[in-house]
Amino acid sequence: MTAAALAVSGACVAAGQWASAYLRRREQALTDWADALGRMQAAASHRALTLGELLREGAGAGALPLPALLEQLEAAPAAEPEALMKRLPWHEALLPGEREALERCLTGLFSASLQEQAETLAWARERLEGARQACREKRERDGRLYRSLGWLGGAAVFILLC
């Protein structure tokens, strides 16, 4: 009985830790994207860049699908942007609306107009900054709560089962 109580309480603690870590992963993914969009926006504002150069500027060190998009683009330069977007490896913590905004942004970068590219980057960056700020607030407010609830739930289950 004690082993089962320990296992169930450990699961409660792990669930609380996982929920808190998810918020950190989500915030990091949004930060990586906001930084990448900022790098692309800054590079595009100084000089005209090809799509490949723009994607290289954004790729940076974050685990983004930009390097994968660049590889696909080099392998099939005539491919439709929408087809390329479907094959990208997206971070699991991005919400569907955020992913949709990023897909729209990346598709907009295929435009020949530098103004359209700049507008698309600015729009997506603004949208992601809002999402990142909301995620940061949620992590600060709820991250500790999730961990505490995991520990409290684990303790309560252990006491009830023993």
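Everything numeric in this text was worked out from a predicted model, so none of it was measured.

Scoring rules and cut-offs
- Residues numbered from 1 in each chain as written.
- Predicted model: local features only at pLDDT ≥ 70, side-chain atom pairs only at ≥ 80, totals over all residues.
- Heavy atoms only, no water.
- Helix = DSSP H or I, 4+ residues; strand = E, 2+ residues; numbered from the N terminus.
- Rg over C-alpha atoms; globule rule 2.2 N^0.38 Å.
- Phe/Tyr/Trp six-rings, centres within 6.5 Å; stacked < 30°, edge-to-face > 60°.
- Buried < 20%, exposed > 50% of the residue type's maximum accessible area, 1.4 Å probe, protein only.
- Axes fitted to C-alpha atoms, helices over the stretch in contact; angles between N-to-C directions.
- Parallel < 35°, antiparallel > 145°, perpendicular 65-115°, else oblique.
- Left-handed = near helix turned anticlockwise from the far one by under 90°.
- Contact = heavy atoms within 4.5 Å.
- Nonpolar A, V, L, I, M, F, W, Y, C, P; charged D, E, K, R; others polar.
- Expected span 1.5 Å × (residues − 1).
- Arc of directions from axis to C-beta.

Asks: It is not clear to me how the overall build of the protein should be interpreted in this structure. Could you clarify?
Replies: Along the backbone of the protein there are six helices and zero strands. The secondary structure elements of the protein, listed N-terminal to C-terminal, are α-α-α-α-α-α. Taken against the 2.2 N^0.38 rule, which gives 15 Å for 162 residues, the C-alpha radius of gyration of the protein at 21 Å runs more than 25% over that of a compact globule. Across its three principal directions, the C-alpha atoms of the protein cover 70 × 30 × 25 Å.

Asks: Where do I start with the packing of aromatic side chains in this structure?
Replies: Any aromatic ring pair is given by two values, namely how distant the centres are and how the planes are angled relative to each other. This structure, assessed with the given rule, holds two aromatic pairs. On the basis of an interplanar angle of 20 degrees and a centroid distance of 5.6 Å, the ring pair of W18 and Y22 is categorised as stacked. Residue W18 and its partner Y22 are both found in helix α1 (residues 2-46); the two are separated by four residues, about one turn of the helix. With relative accessibility at 23%, the residue Y22 sits in the partly exposed group. Centroid distance W33 to W90: 5.8 Å. Interplanar angle 20 degrees. Geometry classified as stacked.

Asks: Got a minute to help me understand the packing of α1 against helix α5 (residues 96-108) in this structure?
Replies: When two helices pack together, their arrangement is captured by the angle between the axes and the distance separating the axes. Two elements in contact, α1 and α5, have axes separated by 13 Å at closest approach and are oriented at 20 degrees. Between α1 and α5, the angle falls in the class roughly parallel. Remark: the crossing between α1 and α5 carries left-handed chirality. Of the residues in α5, those in contact with R26, L30, W33 and L37 of α1 are E98, L102, C105 and L106. Of the residues assigned to the contact of α1 with α5, the class counts are six nonpolar, no polar and two charged.

Asks: I tried to follow α5 on my own but got confused; where do I start?
Replies: In this model, α5 (13 residues) spans 18 Å end to end at C-alpha, consistent with the 18 Å of a helix rising 1.5 Å per residue. Within α5 the residues assigned to the buried category are E98, A101, L102, C105, L106 and G108. Buried residues of α5 fall within an arc of 160 degrees about the axis and therefore sit on the same side. Turned more than 90 degrees away from the buried face of α5 sit P96, E100 and R104, all of them exposed. Where α5 is buried, its residues touch α1, α2 (51-59), α3 (66-75), α4 (81-86) and α6 (114-161).

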